Every structure is written in C-alpha cells, then in structure tokens.
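Examination of the molecular architecture
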Amino acid sequence: MPDITHILEKESLSREDLIRLLSVQNQNERDLIFQKAMEVRAELVGNEIYLRGLIEFSNICEKNCFYCGIRAGNKNVERYCIEEEEVLRCAEYAFENNYGSVVIQSGERTDQEFIEIISNLVQKIKMLSKGKLGITLSCGDQTKETYKRWFDSGAHRYLLRFEASDPELYYKIHPNNKKHFLLNRLNSLQYLKETGYQVGSGMMIGLPGQTIGNLVDDLLMLKTLNVDMVGMGPYIEHKDTPLFESRDQLLPKKERLELSLLTISVLRILMPDINIAAATALDSLVDDGRLQAIRAGANVLMPNLTPLKYRENYFLYENKPYLTEADDLIRKINESDMLNGYKIKLGEWGDSRHFARRVN
Ligand code: 5AD
Ligand code: SF4
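Here's what I pulled together on the structure shown here. Residues take numbers from 1 onward in each chain, read along the sequence in its written order. Here the convention is simple: chains get letters from A, ligands get numbers from 1, in the order in which they are written. Local features in this predicted model are restricted to residues whose pLDDT is 70 or higher, and side-chain atom pairs enter the listing and the counts only when it is 80 or higher, whereas totals over whole chains, interfaces and linings include all residues. Neither water nor hydrogens contribute to the side-chain values; these are computed over all heavy atoms in the structure.

Focus: the site of ligand 1
The rule for a residue being near a molecule or strand is that one of its heavy atoms must lie within 4 Å of it. Around ligand 1, the neighbouring residues are Tyr67, Cys68, Gln105, Arg161, Glu163, Met204, Pro234, Tyr235, Ile236, Leu316 and Tyr317. In protein, a polar contact means a hydrogen-donor-capable atom and an acceptor-capable atom, both N or O and within 3.5 Å, with residues adjacent in sequence counting only if both atoms are side-chain atoms; elsewhere, any N or O pair within 3.5 Å suffices. Tyrosine 67 has a polar backbone atom sitting 3.0 Å from a nitrogen atom of ligand 1. Between a nitrogen atom of ligand 1 and a main-chain N or O atom of isoleucine 236, the distance comes to 2.7 Å. Computed with a 1.4 Å probe, the accessible areas rest on the Shrake-Rupley method; for each residue, only the protein chains presented here act as cover. Summarising the interface, the protein chains cover 87% of the accessible area of ligand 1, which totals 410 Å² for the free molecule. In this count, Pro and Cys sit with the nonpolar residues alongside Ala, Val, Leu, Ile, Met, Phe, Trp and Tyr, while Asp, Glu, Lys and Arg are called charged and the others, Gly among them, polar. Among the residues making up the shell around ligand 1, the classes are represented as eight nonpolar, one polar and two charged.

Quick look at the site of ligand 2
If you check the shell around ligand 2, you find Cys61, Lys63, Cys65, Tyr67, Cys68, Ile70, Arg71, Gly107 and Glu108 and nothing else. A class-by-class count of the residues in the shell around ligand 2 yields five nonpolar, one polar and three charged.

Section: the state of the cysteines
Pairs of cysteine sulfur atoms within 2.5 Å are what we label disulfides. One pass over the structure, following the stated rule, counts zero disulfides. Cysteine 90 carries a free sulfur, and the closest cysteine sulfur to it, the one in cysteine 81, is 13 Å from it. Only protein chains enter the accessibility calculation, which uses a 1.4 Å probe. A residue is then buried if its area is under 20% of the maximum for its type, exposed if over 50%, and partly exposed in between. We classify cysteine 90 as buried; its relative accessible area is 7%.

Some words on helix H9 (residues 212-225)
Numbering of helices and strands starts at the N terminus; helices are DSSP runs of H or I of at least 4 residues and strands are runs of E of at least 2. A helix is expected to span 1.5 Å multiplied by its residue count minus one. Its 14 residues give H9 an end-to-end C-alpha distance of 20 Å, which sits within 8% of 20 Å, the value for a rise of 1.5 Å per residue. Burial in H9 covers these residues: Gly213, Asn214, Leu215, Val216, Asp218, Leu219, Met221, Leu222 and Leu225. Phi turns positive one or two residues past the end of H9, at asparagine 226, with a value near 55°.

Here's the deal with the pattern of salt bridges
Salt bridge, as used here, is a side-chain nitrogen of Lys or Arg placed within 4 Å of a carboxyl oxygen of Asp or Glu. Taken as a whole and judged by the stated rule, the model has 23 salt bridges. For arginine 30, the salt bridge identified is with glutamate 258, shortest N-O distance 3.8 Å. In this pair, arginine 30 sits in helix H3 (residues 27-44) while glutamate 258 sits in helix H10 (residues 253-270), placing the two residues 228 residues apart along the sequence. Looking at arginine 30, the relative accessible area reads 8%, which means it is buried. A salt bridge links glutamate 113 to arginine 109, with the nearest nitrogen and oxygen atoms 3.7 Å apart.

Right, dumping it as structure tokens:
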C-alpha cells in the first residue's frame with residue numbers, strides 16, 4: 001500500500017490516493033492527514049472561523065427524501081412558517097451581534113407565495129442591516145428565474161447539497177421521480193453559478209450502503225462542480241423515515257464521527273481555499289462534534305438563531321441539538337482548549353476565497 005506521507009506530498013490526488021486516505025485505520029496515519037489539513041488551512045484560508053446565523057424559516061416541504069424527518073410524508077410533524085417580523089428579529093440579532101451573515105433555510109416549496117416571501121425577507125434583511133449582513137439561502141431546487149429573483153433581491157450565496165453523487169445510492173435515499181431527479185439538482189448548481197451566487201453543495205457521510213468509493217466520488221464531484229462552499233455531515237437516522245429500516249447497516253457513532261472528520265480533512269487538502277461548514281449533525285454524534293470539525297479543517301460555523309419554540313419541529317434527524325443557544329456555542333468555541341489559535345471573525349461576510357479566484 002502506498003505510504004500516506006508520500007500521498008500527502010503530491011500536487012494532485014488521484015481517485016486511488018483519495019480512497020487510500022479515507023481508508024486509513026490507524027491513529028498515526030489519521031494524525032498525518034489532520035496535520036496536513038491544518039497546514040493547508042492555515043496557509044490558504046487562515047485560522048479564522050466565520051459565523052452564519054441560521055434561521056430555519058419553515059419546515060413545510062414538498063419533497064419526500066427517505067432520510068429526512070421533515071419530509072412531506074411525515075405526519076408527526078407540526079408544520080410552521082415563521083412570520084416575517086419574527087425572522088427579521090432573528091436577523092437583527094445576527095446584525096447586532098456582528099455575525100456578518102445569516103442563512104435562511106427551509107423545506108422545499110415552489111409556489112409563488114413562497115417565492116415572494118423569501119424575496120421580501122431578503123430585501124428587508126438587507127434594508128435593516130444597511131446592506132451589511134450577507135445572506136445565504138438554502139431553500140432547495142428552484143427555477144432559474146427564482147434563483148435570479150432572489151439574487152436580485154440581495155442573496156449572494158446558495159447551499160444545495162447533492163446528498164449522494166452516485167445515482168444508484170441517490171435513488172436508494174430518494175424517490176425516483178421528477179420532483180427528486182439528481183440531474184435537476186446538478187443543473188440547479190450550474191444555474192446558481194451562472195446567476196452569480198457563491199455556490200455550496202455537499203453530501204451525507206455514512207449513509208446505509210455507502211462505500212468509501214462512493215464518498216471519494218462525492219469529493220471528486222465537489223471538485224468537478226468547482227464549488228465555493230461545502231456543507232457535509234454524518235447521516236443520522238430518524239425513526240419516522242423510510243431509511244430508518246436500514247439502521248442496522250450503519251457504522252457505529254464513533255466510527256461515523258471519525259469518518260466525517262477525516263472526510264473534512266481530506267476535502268480541505270483537495271480544495272484548499274473553499275469554505276467548509278462544521279455541520280450541526282456532528283453534534284448529534286458527540287457533544288463537541290462541531291468543534292472537532294473546526295480542528296479537522298472546517299472554517300464556518302452556523303449557530304442556530306431559530307426561535308426555540310419552532311426548533312422541535314425542525315428535526316431533520318434524531319438527537320439534533322435543538323436547545324443549544326447560539327451564544328453558548330460561541331462561548332464554547334472561544335473557551336475551548338482544543339481550538340487554541342482559532343478565532344471567530346466578527347463583522348465580516350467571510351466569503352469563500354475560492355469564489356474570488358474562480359473563473360468558471
Ligand atoms: N441526517 C443527516 N443529515 C440530514 N439532512 C436531512 N436529513 C438528514 C439526516 N437524517 C441534511 C440534508 C439536507 C440538509 C438540510 O440536512 O443533507 O441537505
Ligand atoms: Fe425536504 Fe430538504 Fe428534508 Fe428533502 S432534505 S425532505 S428537500 S427538507
């Protein structure tokens with residue numbers, strides 16, 4: 001087997017190299033990869049952590065992804081859509097506390113009313129912050145026109161995970177119908193870029209039936225798509241979803257965490273200047289999962305600003321840390337010994353350096 005040190009010195013990594021990196025089993029090799037990711041990060045994006053205040057605006061969703069707790073078919077969820085005034089108060093909180101930017105996330109809806117609501121929200125957040133708050137949207141697959149409309153309203157980043165790049169795996173975790181076509185998603189990512197957004201995508205790690213080869217292909221897909229940002233996190237089972245049936249195929253939590261952290265480090269090495277978010281799902285596996293992700297190579301943190309009364313209805317997966325207050329999370333980061341040398345950078349959009357450099 002090729003030596004890890006030799007692979008880590010290479011200018012570009014082949015599929016085989018990536019498979020070797022994601023397959024490491026011993027702690028020494030793992031440490032070498034983490035170390036390399038830390039060096040790459042320090043050199044290309046610095047040791048700052050950027051904040052995005054997360055507002056889970058609505059859990060109403062037209063889709064039926066087999067893994068997600070707020071899928072349309074789950075009747076055990078009370079559906080909500082937060083009133084405009086309340087969303088604006090969350091954004092105001094982010095602005096006053098110098099977060100630099102917010103993310104508006106919701107289930108997927110494509111009706112005209114929803115398009116208007118998001119458009120108005122974006123404009124009003126821009127107004128209340130005198131243009132200073134950056135706005136990321138994460139509202140699913142939309143038409144080219146809708147992406148353009150929201151961009152013109154003031155949003156400048158869009159997150160749309162492809163979830164799994166291998167069609168076979170993708171259709172094990174999504175219904176195979178028009179609403180869920182993988183190709184639509186990939187086309188959307190292209191439209192988003194053409195519109196001028198900074199574009200983020202990603203996948204779930206540790207899905208039932210997912211191989212290391214699948215994960216490597218996901219990483220290569222991110223590279224081919226030339227994304228500016230990545231949000232990827234461990235798959236966490238949810239009892240009210242069809243995929244719960246396959247829970248006996250899952251890696252134990254500790255291993256799922258280790259694989260997720262390793263994937264972050266390998267991505268940092270593969271795409272050194274992108275923004276990588278520390279996914280909330282990591283905290284479902286272990287208390288300080290997001291902190292560990294930052295050490296592994298992530299540089300973006302999304303403290304949850306959704307008013308507490310809605311959070312129990314935005315359970316995408318089990319054991320979601322729905323009571324963590326944004327302030328507590330930030331305090332934890334600032335006080336953590338593990339994150340000595342890393343600093344939260346306030347008051348900046350924290351755009352992906354990759355975006356500034358990319359030409360396509
Ligand atoms: N486990 C982990 N992540 C999930 N998501 C949805 N359901 C789950 C789950 N069970 C993620 C998807 C989606 C994002 C908003 O949440 O990747 O893109
Ligand atoms: Fe809806 Fe997104 Fe959940 Fe799929 S993952 S059911 S699109 S909220």
